[in-house]
Amino acid sequence: MQLNTNVFEWLGQVFGTVIRFIIDSLVWLFTLLSNASSDFVNGFARALGIDSSLLSIAAVILGLCLIYLGVRAFIRRKIILGIIWILLGLWLLSALMR
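Every residue gets a number counted from 1 within its own chain, in the order that chain's sequence is written. Only residues with pLDDT of 70 or above have their local features reported here, since the model is predicted, and side-chain atom pairs are shown and tallied only from 80 upward, although totals for entire chains, interfaces and linings are computed over all residues. Side-chain numbers come from the whole structure's heavy atoms, not from hydrogens or water.

(A) Quick look at the overall build of the chain. Looking only at helices and strands, the chain has three helices and zero strands in total. The secondary structure listing takes helices from DSSP runs of H or I that are at least 4 residues long and strands from runs of E that are at least 2 residues long, numbered from the N terminus. Secondary structure of the chain in N-to-C order comes out as α-α-α. Note on classification: 1.4 Å probe, protein chains only; a residue is buried when its accessible area is under 20% of the maximum for its type, exposed when over 50%, partly exposed between these limits. Counting only residues that meet the buried cut, the chain has 14% of its 98 residues in that class. A separation of at least 24 residues holds for 40% of the contacts in the chain among residues at least 6 apart in sequence. We call two residues contacting when some pair of their heavy atoms lies within 4.5 Å.

(B) Quick peek at the packing of helix α2 (residues 54-75) against helix α3 (residues 79-96). One can describe the packing of α2 onto α3 by two numbers: an axis separation of 7 Å at closest approach and a directional angle of 160°. Classed by the angle they form, the pair α2 and α3 counts as roughly antiparallel. The handedness of the crossing between α2 and α3 is left-handed. Under the grouping applied here, Gly and all other residues not named as nonpolar or charged are polar, the nonpolar ones being Ala, Val, Leu, Ile, Met, Phe, Trp, Tyr, Cys and Pro and the charged ones Asp, Glu, Lys and Arg. Split into classes, the residues belonging to the contact of α2 with α3 amount to 20 nonpolar, five polar and no charged. Only the stretch in contact is used when a helix axis is fitted, and all axes are lines through C-alpha atoms; the angle between N-to-C directions ranges over 0 to 180 degrees. Angles below 35 degrees are treated as roughly parallel, those above 145 as roughly antiparallel, those between 65 and 115 as roughly perpendicular, and all remaining angles as oblique. For any helix crossing, the convention is left-handed if the near helix is rotated counterclockwise from the far helix by under a right angle, and right-handed if that rotation is clockwise.

(C) Fine view of the packing of aromatic side chains. Ring geometry is summarised as follows: Phe, Tyr and Trp rings, the Trp one being its six-membered ring, pair when their centres sit within 6.5 Å, and such pairs are stacked at plane angles under 30 degrees, edge-to-face over 60 and tilted between the two. Per the counting criterion, the structure on display carries one aromatic pair. Between F40 and F44, the aromatic rings sit 6.1 Å apart at their centres with planes inclined by 15°, giving stacked as the arrangement. Taken together, the residues F40 and F44, both in helix α1 (residues 2-48) and four residues apart, mark about one turn of the helix.

(D) Broad picture of the nonpolar core. Put simply, a nonpolar core is a bunch of buried Ala, Val, Leu, Ile, Met, Phe, Trp, Tyr and Cys residues held in one set by side-chain atoms that sit within 4.5 Å of each other. Of all hydrophobic cores here, the largest spans five residues; its members are A45, I50, I57, V60 and L93. Other than its neighbours up to four places away in sequence, V60 contacts F44, L48, I50, L93 and L96.

(E) Focus on the pattern of salt bridges. Just to be clear on terms, a salt bridge is a Lys or Arg side-chain nitrogen sitting within 4 Å of an Asp or Glu carboxyl oxygen. This model, assessed by the stated rule, comprises one salt bridge. Of the charged contacts, one joins D24 and R20 as a salt bridge, the two residues approaching to 3.3 Å between their closest N and O atoms. One end of the pair is D24 and the other is R20, both in helix α1 and four residues apart, which spans about a single turn. The partly exposed category is assigned to D24, whose relative accessible area is 39%. A residue is classified by how much of its surface remains accessible, and R20, at 55% relative accessible area, is exposed.

(F) Quick peek at unusual backbone geometry. Of note in this structure, R77 is not a glycine but carries a positive phi near 65°. With respect to the helices, strands and loops of the structure, R77 is situated in the loop between α2 and α3. R77 sits in the exposed class, given a relative accessible area of 74%.

Next comes the structure, spelled out in C-alpha coordinates:
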(Lines give C-alpha, C1' and ligand atoms only; values in the text may rest on other atoms or scores of the structure.)
Protein backbone atom coordinates (compact mmCIF):
# COMPACT_ATOMS: atom_id res chain seq x y z
CA MET A 1 0.00 0.00 0.00
CA GLN A 2 2.87 2.35 0.77
CA LEU A 3 4.33 1.76 -2.70
CA ASN A 4 1.14 2.95 -4.45
CA THR A 5 1.02 6.12 -2.36
CA ASN A 6 4.60 7.00 -3.31
CA VAL A 7 3.90 6.39 -7.00
CA PHE A 8 0.88 8.66 -6.97
CA GLU A 9 2.69 11.28 -4.94
CA TRP A 10 5.55 11.21 -7.44
CA LEU A 11 3.10 11.37 -10.35
CA GLY A 12 1.37 14.37 -8.73
CA GLN A 13 4.69 16.13 -8.25
CA VAL A 14 5.68 15.51 -11.87
CA PHE A 15 2.30 16.72 -13.10
CA GLY A 16 2.51 19.81 -10.88
CA THR A 17 6.05 20.53 -12.07
CA VAL A 18 4.99 20.33 -15.72
CA ILE A 19 2.04 22.65 -15.13
CA ARG A 20 4.28 25.08 -13.20
CA PHE A 21 6.79 25.07 -16.07
CA ILE A 22 4.05 25.81 -18.62
CA ILE A 23 2.65 28.66 -16.50
CA ASP A 24 6.10 30.18 -15.93
CA SER A 25 6.83 29.96 -19.65
CA LEU A 26 3.57 31.71 -20.52
CA VAL A 27 4.21 34.44 -17.95
CA TRP A 28 7.68 34.96 -19.45
CA LEU A 29 6.26 35.09 -23.00
CA PHE A 30 3.49 37.56 -22.14
CA THR A 31 5.92 39.75 -20.20
CA LEU A 32 8.25 39.75 -23.18
CA LEU A 33 5.42 40.69 -25.55
CA SER A 34 4.16 43.39 -23.20
CA ASN A 35 7.60 44.97 -22.88
CA ALA A 36 8.14 44.79 -26.64
CA SER A 37 4.81 46.47 -27.42
CA SER A 38 5.41 49.12 -24.77
CA ASP A 39 8.87 49.86 -26.15
CA PHE A 40 7.46 50.03 -29.69
CA VAL A 41 4.75 52.51 -28.71
CA ASN A 42 7.22 54.66 -26.75
CA GLY A 43 9.69 54.68 -29.66
CA PHE A 44 6.93 55.43 -32.16
CA ALA A 45 5.62 58.30 -30.04
CA ARG A 46 9.10 59.70 -29.42
CA ALA A 47 9.91 59.62 -33.15
CA LEU A 48 6.73 61.53 -33.96
CA GLY A 49 7.12 63.91 -31.03
CA ILE A 50 3.79 63.05 -29.44
CA ASP A 51 2.70 61.66 -26.08
CA SER A 52 2.67 57.90 -25.77
CA SER A 53 -0.91 57.79 -24.50
CA LEU A 54 -3.50 55.55 -26.06
CA LEU A 55 -5.54 58.55 -27.22
CA SER A 56 -2.57 60.06 -29.07
CA ILE A 57 -1.77 56.79 -30.82
CA ALA A 58 -5.44 56.41 -31.78
CA ALA A 59 -5.42 59.96 -33.18
CA VAL A 60 -2.34 59.13 -35.28
CA ILE A 61 -4.09 56.05 -36.65
CA LEU A 62 -7.19 58.15 -37.41
CA GLY A 63 -5.06 60.75 -39.19
CA LEU A 64 -3.40 58.06 -41.30
CA CYS A 65 -6.82 56.61 -42.15
CA LEU A 66 -8.00 60.04 -43.29
CA ILE A 67 -4.96 60.38 -45.55
CA TYR A 68 -5.66 56.89 -46.89
CA LEU A 69 -9.25 57.92 -47.68
CA GLY A 70 -7.89 60.95 -49.50
CA VAL A 71 -5.58 58.82 -51.63
CA ARG A 72 -8.46 56.47 -52.44
CA ALA A 73 -10.60 59.45 -53.44
CA PHE A 74 -7.82 60.64 -55.78
CA ILE A 75 -7.64 57.19 -57.34
CA ARG A 76 -11.39 57.30 -57.94
CA ARG A 77 -10.93 60.77 -59.52
CA LYS A 78 -12.82 62.63 -56.81
CA ILE A 79 -10.32 65.45 -56.52
CA ILE A 80 -12.22 67.77 -54.14
CA LEU A 81 -13.06 64.95 -51.73
CA GLY A 82 -9.45 63.75 -51.87
CA ILE A 83 -8.16 67.21 -50.99
CA ILE A 84 -10.60 67.47 -48.08
CA TRP A 85 -9.65 64.05 -46.62
CA ILE A 86 -5.91 64.66 -46.98
CA LEU A 87 -6.13 68.14 -45.45
CA LEU A 88 -8.13 66.78 -42.51
CA GLY A 89 -5.60 64.00 -41.96
CA LEU A 90 -2.63 66.36 -42.19
CA TRP A 91 -4.34 68.85 -39.88
CA LEU A 92 -4.93 66.15 -37.26
CA LEU A 93 -1.37 64.85 -37.49
CA SER A 94 0.15 68.32 -37.35
CA ALA A 95 -1.97 69.22 -34.31
CA LEU A 96 -0.55 66.19 -32.45
CA MET A 97 3.12 66.84 -33.10
CA ARG A 98 5.08 69.19 -30.88
